[in-house]
Amino acid sequence: MSSSRHSHEDLKTTTATTFDHDPEVATPRGPTSSSDNDGESFDNVPKANRRLGTLSATMLIANRMIGTGIFATPASIVGGVGSIGLALFMWVFGAIIAGAGLAVYLEWATALPRSGGEKNYLEYAYRKPLYLITCVYAIYAALLGWPSGNSVYTGEMLLNAAGTEVTRWNQRAIGVGVVTFALIVHGVLPKWGLRLQNILGVFKIVVLLFIICTGFAALAGHVPGGKPDNFKDAFSGTKTDANSFINAMYNVIWSFIGYSNAFYAMSEIQNPIKIVKRAAPLAMILVTILYLLTNVAFFAAVPKDTILNSNRLLAAEFFGIMFGARANQAISVLIALSAIGNVLAVLFSQGRINQELGREGVLPWSKFWASNKPFNSPLAGLALQWAVTLIIILAPPGGDAYSFLLNLISYPLNIFNALISLGLLVIYIRQRLDQHYPSSNPDSTTQQWSPPVRASLPITLFFFLANIFLIVVPLVPPSPGNEPYEAIPYWLHAVVSFGLLALGGVYWVLWARVSPRLGKYKLVRIVEVGSDGLSRNVFKKRKLE
């Protein structure tokens, strides 16, 4: 490895590959194996960057999973399936799907313990054409603002708590303040950002435990106005409408999204393999238990008719029954703080994804996005997600347009989850074939694949099929009254999502194929290590003879 002097920083460079070489040469280093101890050597980042321990990793996942859904979604689930008993079973089934997803992500994360999450897994599984899948994923990750929904919802809850009328612009103004606050604490004060994130994560758990304890009191009969009989005939009213059942299942699964959040920051976790093997299952089990018991608490106090017919949040009905009308302001504040914790967790992880895309070299101005300067945090990557989120918060009108954008943000994740589980299935199948028909290539990727955690083929197949379900459901005509929009087609966000990913393919064609051919050059990948200690890819144009 040779070194060269640059005007702004010292860089170590090494030529890795060109686009006319075998794509396998250009992939990241091979996976870790079950004999690897910690995974820190996989991505050689400065030791000072690894500041996440078990608590931070656990809260990073729990904060992302526990947003605002648990306070409202249980009512829609009961409305979808028609009975309290089946609604509880739906939450159990949703937890099983989420657990399968966690197992798949854990296998990938312990095999490739570097920040970036799905980006790394997709690059390993889909190597040809070179960098095509990276460009497709980059369009999704860089151009969609995940924190927007909960940022705006924070504004609505705070205005409700203050007794102020909620308008389109005052709640969005608060949303802008929330995501800007998240940018400052994570980008300028990264240590304090982590501390605040952990505090809010613990706070959410305490709030749910309080609701659960209150629910136990309700189960014992201490309900002002009388205890409802929701559990006496728990399956009465169960619907046989398949469409309603499917929509309810869809909402339950989305309530568990976030179990992969720590894997986007693997390069910042101390002993990443050891810690995520402990923190990820801990967070998943904890959130599942809290979700189930919170549902039981709600159903123990709120009559079924109120659950089905009220326009208010189920949590608000629960607090109103147990503590009186004045408790509505308190629950609004609690939900707002929960939403802020979710925004912090989402911006934290999405900023790391943008930084990793910069380190990969596929984004314009990649050096800027890849930097950890000046506060030893991915400020540029965080700022990119912040800017996109501001556009989504401020630009669209209310109603269908805003709902469409929120659905457009979430839907492509199903596609990438299906792709990474399919990639793992291919590895499993090839390994089984290699046992019967040994490969002539001892360095094949399937023979190298022996990560510290194995999801197993049945679990991976189950998760793959679950995501196919999530991809297909929005394309099925909804039952009357369950339409996602008032004036635009129900399938629009799904179709536009595929078009958005196709745009990433167009970008790749222009960047990697058309421009080099017209300009008579080929792209040469150089690996640079900057003074901030982070390696990154830089693509140089080499003129053809």
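As annotated in an unreviewed UniProt entry, the protein carries the name High-affinity methionine permease and comes from Dendrothele bispora. As its UniProt record puts it under Subcellular location (unreviewed entry), the protein is described as follows: "Membrane".

Another point: the overall build of the protein. What the protein contains, in helices and strands, is 19 helices and 4 strands. Taking 2.2 N^0.38 as the reference for a compact globule, 545 residues should give roughly 24 Å; the C-alpha atoms of the protein span a radius of gyration of 24 Å, in line with that estimate. Considering only C-alpha atoms, the protein reaches an extent of 85 × 55 × 45 Å along its principal axes. Sorting the 545 residues of the protein into buried and exposed places 57% on the buried side. When contacts within the protein are restricted to residue pairs at least 6 apart in sequence, long-range pairs at least 24 apart make up 79% of them. Entry remark: accessible area of the protein is about 22500 Å², with carbon and sulfur atoms responsible for 63%.

On to the confidence of the model for the protein. As a general rule, the predicted coordinates of low-pLDDT regions are not to be interpreted in detail. Averaged over the protein, the pLDDT score is 85; the fraction of residues at 70 or greater is 90%. Under a pLDDT of 50 for its full length, residues 1–28 has, in the predicted model, 64 contacts with residues more than four places off or in other chains.

Under the criterion given, the structure shown has 6 salt bridges. A salt bridge links Glu268 to Arg352; the shortest N-O distance between them is 2.7 Å. Here Glu268 is found in the loop between helix H9 (242–255) and helix H10 (272–301), whereas its partner Arg352 is found in helix H13 (residues 327–360), with 84 residues between them in sequence. Accessibility classification places Glu268 together with Arg352 in one group, the buried group.

The next thing to look at is helix H4 (residues 118–125). Burial analysis of H4 places 7 of its 8 residues in the buried class, which makes it a mostly covered element. Those residues of H4 that sit buried are Glu118, Lys119, Asn120, Tyr121, Leu122, Glu123 and Tyr124.

Another aspect to go through is unusual backbone geometry. For the bond running from Lys128 to Pro129, omega is -10°, close enough to zero to count as cis. Within the fold, Pro129 resides in the loop between H4 and helix H5 (132–143). The amide bond that connects Lys373 to the next residue, Pro374, takes the cis arrangement and shows omega of 0°. Note on placement: Pro374 falls in the loop between helix H14 (366–370) and helix H15 (379–394). Residues other than glycine seldom take positive phi values, yet Trp365 does so here, at roughly 55°. Topologically, Trp365 is positioned in the loop between H13 and H14.

Now for the nonpolar core. Residues Trp108 and Phe263 are the most contacted members of the largest nonpolar core, which totals 146 residues. In contact with Trp108, not counting residues within four places along its chain, are Tyr121, Tyr124, Ala125, Ile420, Gly423, Leu424, Ile427 and Trp449.

Before going further, it helps to spend a moment on a nonpolar patch on the surface. Taken together, Phe216, Leu219, Phe231, Ile285, Ile289 and Leu293 make up a surface patch of nonpolar side chains, about 510 Å² in accessible area. Listing elements by their share of the nonpolar patch, those giving two or more residues are helix H8 (190–219) and H10. It is H10 that provides the largest number of residues to the nonpolar patch, a total of 3 residues.

Mapped onto the elements of the fold, Lys204 is located in helix H8. There is no salt bridge for the buried Lys204, and the closest opposite charge comes from Glu156, which lies 17 Å off by N-O distance. In terms of polar contacts, Lys204 uses its side chain to reach the backbone carbonyl oxygen of Asn63, at 2.8 Å. Excluding anything up to four places from it in sequence, Lys204 contacts Asn63, Ile66, Gly67, Ser338, Gly341 and Asn342.

The final tally for this structure, using the stated rule, is 27 aromatic pairs. Relative to Tyr121, the ring of Trp108 lies with its centre 5.5 Å away and its plane at 20°, an arrangement referred to as stacked. Of this pair, Trp108 sits in helix H3 (residues 84–111) while Tyr121 sits in helix H4, and the two are 13 residues apart along the sequence. You can call Trp108 buried: its relative accessible area is 0%.

Moving on to the packing of H8 against helix H12 (residues 314–323). The angle between the axes and the distance between the axes are what describe a pair of packed helices. With their axes 12 Å apart at the nearest point, H8 and H12 run at an angle of 55° to one another. Comparing their axes, H12 and H8 come out oblique. In the packing of H8 onto H12, the handedness of the crossing is left-handed. Together, Phe210, Ile211, Thr214, Gly215 and Ala218 of H8 and Phe318, Phe319, Met322 and Phe323 of H12 make up the contact between the two elements.

What counts and how
- The residue numbering used here restarts from 1 in each chain and proceeds along that chain's sequence as written.
- The predicted nature of this model means local features are confined to residues of pLDDT at least 70 and side-chain atom pairs, given and counted, to a pLDDT of 80 or more, with totals for whole chains, interfaces and linings taken over all residues.
- Just so you know, side-chain values use all the structure's heavy atoms and leave hydrogens and water out.
- UniProt positions are given in the numbering used here, feature names are shortened, and annotations may be inferred rather than shown by experiment.
- Labels follow the DSSP assignment, with helices taken as runs of H or I lasting at least four residues and strands as runs of E lasting at least two, numbered in each case from the N terminus.
- Atoms considered for the radius of gyration are the C-alpha atoms alone. The globule rule reads 2.2 Å times the number of residues to the power 0.38.
- Whether a residue is buried, partly exposed or exposed follows from its accessible area with a 1.4 Å probe, protein chains only, as a fraction of its type maximum: under 20%, in between, or over 50%, in that order.
- Contacts were defined at the residue level, with two residues in contact if any of their heavy atoms lie within 4.5 Å.
- What sets the accessible areas is the Shrake-Rupley method with a 1.4 Å probe; for residues, cover comes only from the shown protein chains.
- As a per-residue measure, pLDDT tells how confident the predictor is, with possible values from 0 to 100.
- Any carboxyl oxygen of Asp or Glu that lies within 4 Å of a side-chain nitrogen of Lys or Arg is treated as forming a salt bridge with it.
- In these notes, a set of buried Ala, Val, Leu, Ile, Met, Phe, Trp, Tyr and Cys residues joined through side-chain atoms within 4.5 Å is what counts as a nonpolar core.
- Patch definition: residues with relative accessible area over 30% and no salt bridge; like charges joined within 9 Å; nonpolar side chains (Val, Leu, Ile, Met, Phe, Trp, Tyr) joined within 5 Å.
- Residues scored as positive are Lys and Arg, those scored as negative are Asp and Glu, and His as well as the terminal groups of each chain are ignored.
- Within 3.5 Å is the distance limit for a polar contact, defined as a pair of N or O atoms, with the added protein rule that one can donate a hydrogen and the other accept it, and that residues adjacent in sequence qualify only through two side-chain atoms.
- Side-chain rings of Phe, Tyr and Trp, where Trp is taken by its six-membered ring, are said to pair if the distance between their centres is within 6.5 Å; with planes under 30 degrees apart they count as stacked, over 60 as edge-to-face, and otherwise as tilted.
- All axes here are fitted lines through C-alpha atoms, helices being fitted over the stretch that makes contact, and every angle between N-to-C directions spans 0 to 180 degrees.
- Every angle not falling under 35 degrees, over 145, or within 65 to 115 is termed oblique; those three ranges are roughly parallel, roughly antiparallel and roughly perpendicular.
- The crossing is said to be left-handed when, going from far helix to near helix, the turn is anticlockwise and less than a right angle, and right-handed when the turn is clockwise.

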